[in-house]
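# Descriptive analysis of the structure
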Amino acid sequence: MSGFSLITDQDIIKGFCTDSSNYPGHAEALIRPKSTAEVSEILKEANSKKIPVTAIGNRSSLTGSAAAEGGWILDTSQMTKIIEINQGEKFALAEPGMMLSDFKKTILDEGLFYAPDPTSEKECFFGGSIATNASGSRTFKYGSTKKYVRALEVVLASGEILNIRRLNIEKNTFGYLPFQNMVDIFVGSEGTLGIITKAEVELLVKPENFFGGMAFFKTLSECLDFVVNVRKNLINQTPTITPRAVELFDHLGLDIIRPDSPFKIPANAKAAIFFEQEYTSDSNNGCEALLNNWLSFLESNKALVDDTIIAEQAKQQEELRRLRHKVPSSLFEEGGKYTKEGGGKISTDWSVPINRIHEIIDFAKKLKEEARIEDPVIYGHIGNGHPHYNFISKNAEQKKQILEVVHKTCKRVITLGGTIAAEHGIGKIKKDFMKYQYPESIIKSMKSLKQSLDPNNILAPGNIF
Ligand SMILES: Cc1cc2nc3c(=O)[nH]c(=O)nc-3n(C[C@H](O)[C@H](O)[C@H](O)COP(=O)(O)OP(=O)(O)OC[C@H]3O[C@@H](n4cnc5c(N)ncnc54)[C@H](O)[C@@H]3O)c2cc1C
């Protein structure tokens, strides 16, 4: 007889069946393991009985990936220990179930810095962010979660506990490139290949200081020119500004934040950039020098420079990040009003190389006008060529029309060298888009990896394939 207990009360289970995509999941039981050994025991039993097991973090997924399609929900929220913070070698080893923002705060209090910062960091778990290879505004400078994952403890579908470590070597020709670092196979695997029970992540020295800010533009096009020029400036030998975050608000995004913004948002602004800039006490890279550089860069890029907001105090900086978060969270609420009618929020997650950003935005605008659908809110990680388009469909018919536009946009994204899924993963609701990225033969080879690690398809069935 197994040593773990199943919660089978549907009144409790119901509360764990969906995620931030509102995808309707269902399950027969909920399990809350406290240790790796328990996870292993659960999977051994589930595998022998071919019972599906979907791991969940804090269910902030926007793709239905955390919404179980039957079987057991494995809730990681009881595994919250930070096992080690190593100052000398700059790494932390932790269990998956801690809120990412709490994990980051603990690290910061130790004088170190964990870079990944999804906008949802206060609503997603450390483990969930690894299982989705989350990224955020500071990805502009620091890259996505994958870069920081040094080692993982993963429980496979069979119950086997695997300990894998990124090889710290410069040269490697062992077989196919994606297999040269096994860690990369599990990061972003959306619960389909194994359950992450511990992760060792790289920490950085805490940046000395930074200021945040918001710069306004009279048109979206001028705002995009600015972003392209920021990137061009960065490839100079001596860039004048070196932001760590470059995030977009279009005019509708500005309308969302205007009512409770403590900062003045100019009436003639049709787009804005939220940015963060680190600085040191050294005079060339000091606050004043960089502020001056920012203001002249903005001026030469047609920003409404006199209206620029600069946030030097922690409270103001936090306020800017809150405003940035307010856009997706209000749209989530708005979309939720129409799910009963078959509508809801439709969020794109494509990205393109930055030099193609004008092209794709013009293309998407033309498609939208031809289809006569309502304007989406366009916001997010523009510095990475990754703006989110959030459409609100009020019923099933509108949803269908919008999805047609999104499909056409995604096809074009691929021709421009982009991806259809930059940070939210595939989950259950982006599967139809995969065919644009790769031919069936390549998708099949991903599937065969899944089949060899999880032959009974018990782990997060319905995700990706
Ligand atoms: C308002 C809002 C803003 C967002 N902004 C961003 C953003 O800026 N960047 C970004 O990348 N994402 C963003 N997201 C999406 C989401 O927050 C991320 O994908 C997040 O990393 C998911 O973490 P979670 O703990 O909520 O995982 P869940 O949603 O619970 O799970 C996500 C997937 O990971 C799997 N999983 C979870 N834990 C484990 C584990 N221990 N082992 C194996 N598999 C596991 C699940 O099976 C599922 O497939 C946003 C979401 C919202 C609601």
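This one's a predicted model, so the numbers in the text were calculated from it and none came from an experiment.

What follows covers the domain arrangement of the protein chain. Taken as a whole, the protein chain is organised into domain 1 (82–205), domain 2 (209–325) and domain 3 (337–424). Each of domain 1 and domain 2 has a C-alpha centre, and the two are 29 Å apart. Taken residue by residue, the interface counts eleven residues in domain 1 and 15 residues in domain 2. At the boundary of domain 1 and domain 2, one finds four salt bridges. Where domain 1 touches domain 2, the interface holds eight residue pairs in polar contact (both at pLDDT 80 or more). Among the elements that take part in the side of domain 1 that touches domain 2, helix α5 (residues 139–142) stands out by supplying three residues, more than any other. Partitioning the side of domain 1 that touches domain 2 into residue classes produces three nonpolar, two polar and six charged.

This part covers the sheet that holds strand β7 (residues 149–155). Reading across the sheet, the five strands line up as β4-β5-β9-β7-β8 and stay open at both edges, with antiparallel pairing between neighbours. Of all the strands in the sheet, just β4 (82–86) and β8 (161–165) have a single pairing partner and so form its edges. The sheet shows a mean angle of 10° between the axes of neighbouring strands, taken without regard to direction. Bridging between β4 and strand β5 (residues 91–94) involves four bridges; their strand directions are antiparallel. Residue pairing for β5: Asn-86 is matched across the bridge by Phe-91. Across the face of the sheet, helix α3 (residues 100–109) comes into contact with β4, β5 and β9 (195–202) while running at roughly 35° to β4.

Moving on, we get to the site of the ligand. In the vicinity of the ligand, 35 residues are found, and the nearest of them are Ala-55, Gly-57, Ser-60, Ser-120 and Ser-135. Contact distances for the ligand include 2.7 Å between an oxygen atom and a backbone N or O atom of Gly-57. At a separation of 3.1 Å, a nitrogen atom of the ligand approaches a polar side-chain atom of Glu-423. Isolated, the ligand exposes 970 Å² of accessible area, and the fraction of that covered by the protein chains is 98%. Those elements that place two or more of their residues in the shell around the ligand are β2 (53–56), α4 (126–131), β9 and α10 (314–336). The biggest single contributor to the shell around the ligand is α4, with three residues.

Let's shift gears to the packing of aromatic side chains. Think of a pair of aromatic rings as described by two things: how far the centres are apart, and how the planes are tilted against each other in angle. Scanning all chains against the criterion turns up 14 aromatic pairs. A ring pair is formed by Trp-350 and Tyr-389, whose centres lie 5.4 Å apart and whose planes are at 45°; its orientation type is tilted. Here the residue Trp-350 occupies a position in the loop between β15 (344–347) and α11 (357–371), and Tyr-389 occupies one in strand β17 (residues 386–393), the gap between them amounting to 39 residues. Classification of Tyr-389 as buried rests on a relative accessible area of 5%. Taken together, Phe-217, Phe-226, Phe-275, Trp-294 and Phe-297 form an aromatic cluster joined through their ring pairs. Of note, Arg-138 hangs over the ring of Phe-210, and the distance from its end group to the ring centre comes to 5.7 Å. One cation-aromatic arrangement involves Arg-244 over Phe-210; the distance from NZ or CZ to the ring centre is 4.0 Å.

Right, let's get into helix α9 (residues 287–300). The α-helix advances 3.6 residues per turn, and as a result positions three or four apart in sequence lie on the same side. Over its 14 residues, α9 extends 20 Å from the first C-alpha to the last, a length consistent with the 20 Å expected when each residue adds 1.5 Å. Elements that come into contact with the buried residues of α9 comprise β11 (209–217), α7 (220–234), β12 (243–250), β13 (271–279) and β14 (309–311). In the segment just after α9, Lys-302 is the residue with positive phi, at about 65°.

Let us look at the side chain of Ser-347. You can see Ser-347 is positioned in strand β15. Engagement of the side chain of Ser-347 in a polar contact is seen with the side chain of Asn-390, the distance being 3.0 Å.

For the rest of this paragraph, the subject is the nonpolar core. Ranked by internal contacts, the top residues of the largest apolar core, which has 52 residues, are Phe-226, Ile-273 and Ile-357. If you look at the next biggest cluster of nonpolar residues, it comprises 32 residues, including Ala-94, Leu-100, Val-183 and Leu-204.

Strands sit in the order β1-β3-β2 across an open sheet of three strands; the sheet is parallel. Because the sheet does not close on itself, it has two edges, and the strands there are β1 (29–31) and β2. Sheet twist, expressed as the average angle between the axes of neighbouring strands with direction ignored, equals 25°. Here β2 pairs with strand β3 (residues 72–75) via four bridges, running parallel. Following the sheet pairing, Ile-56 is matched in β3 by Asp-75. Here helix α2 (residues 36–49) sits on the sheet in contact with β1, β2 and β3, set at roughly 170° to β3.

Bringing the pattern of salt bridges into the picture now. Taken as a whole, this structure holds 31 salt bridges when the rule is applied. Here Arg-321 makes a salt bridge to Asp-117, at a shortest N to O gap of 2.9 Å. In this pair, Arg-321 sits in helix α10 while Asp-117 sits in the loop between β6 (112–113) and α4, placing the two residues 204 residues apart along the sequence. The pair Arg-321 / Asp-117 is uniform in exposure class, with both members buried. Asp-307 serves as the salt-bridge partner of Lys-264, at 3.5 Å between the closest nitrogen and oxygen.

Criteria and cut-off values
Counting starts from 1 at the beginning of each chain's written sequence and moves along it residue by residue. Predicted model: local features are reported for residues with pLDDT of at least 70 only, side-chain atom pairs are reported and counted for 80 or more only, and whole-chain, interface and lining totals are derived from all residues. Side-chain figures throughout are based on the complete set of non-hydrogen atoms in the structure, without hydrogens or water. Delimitation of the domains relies on an automatic or database domain assignment. A contact between two residues is defined here by any heavy atoms of the two lying within 4.5 Å. For salt bridges, the criterion is a side-chain nitrogen of Lys or Arg within 4 Å of an Asp or Glu carboxyl oxygen. Under this definition, polar contacts are N or O atom pairs within 3.5 Å; protein pairs additionally need one hydrogen-donor-capable and one acceptor-capable atom, and for neighbouring residues in sequence, both atoms have to be side-chain atoms. In this description a helix means any DSSP run of H or I spanning at least four residues, a strand means any run of E spanning at least two, and both kinds are numbered starting from the N terminus. Put simply, Ala, Val, Leu, Ile, Met, Phe, Trp, Tyr, Cys and Pro go in the nonpolar bin, Asp, Glu, Lys and Arg in the charged bin, and everything else, Gly too, in the polar bin. At least two DSSP bridges between two strands are required for those strands to pair. An axis is simply a line fitted to the C-alpha atoms; with a helix, the fit covers only the stretch in contact. Between two such axes, the angle follows the N-to-C directions and lies from 0 to 180 degrees. For each residue, the test is whether any non-hydrogen atom lies within 4 Å of the molecule or strand; if one does, the residue is near. Each accessible area value is a Shrake-Rupley result obtained with a 1.4 Å probe; residue values ignore everything except the protein chains displayed when judging cover. A pair of Phe, Tyr and Trp rings is counted when the ring centres sit within 6.5 Å of each other, with Trp represented by its six-membered ring. The angle between the planes then sorts it: under 30 degrees is stacked, over 60 is edge-to-face, the rest tilted. Under the scheme applied here, a residue whose accessible area is under 20% of the maximum for its type counts as buried, over 50% as exposed, and between as partly exposed, the area being computed with a 1.4 Å probe on protein chains only. By definition, being over a ring means that NZ of Lys or CZ of Arg is both within 6 Å of the ring centre and within 35 degrees of the ring normal. A helix is expected to span 1.5 Å multiplied by its residue count minus one. What we call a nonpolar core is a set of buried Ala, Val, Leu, Ile, Met, Phe, Trp, Tyr and Cys residues that are connected through their side-chain atoms within 4.5 Å.

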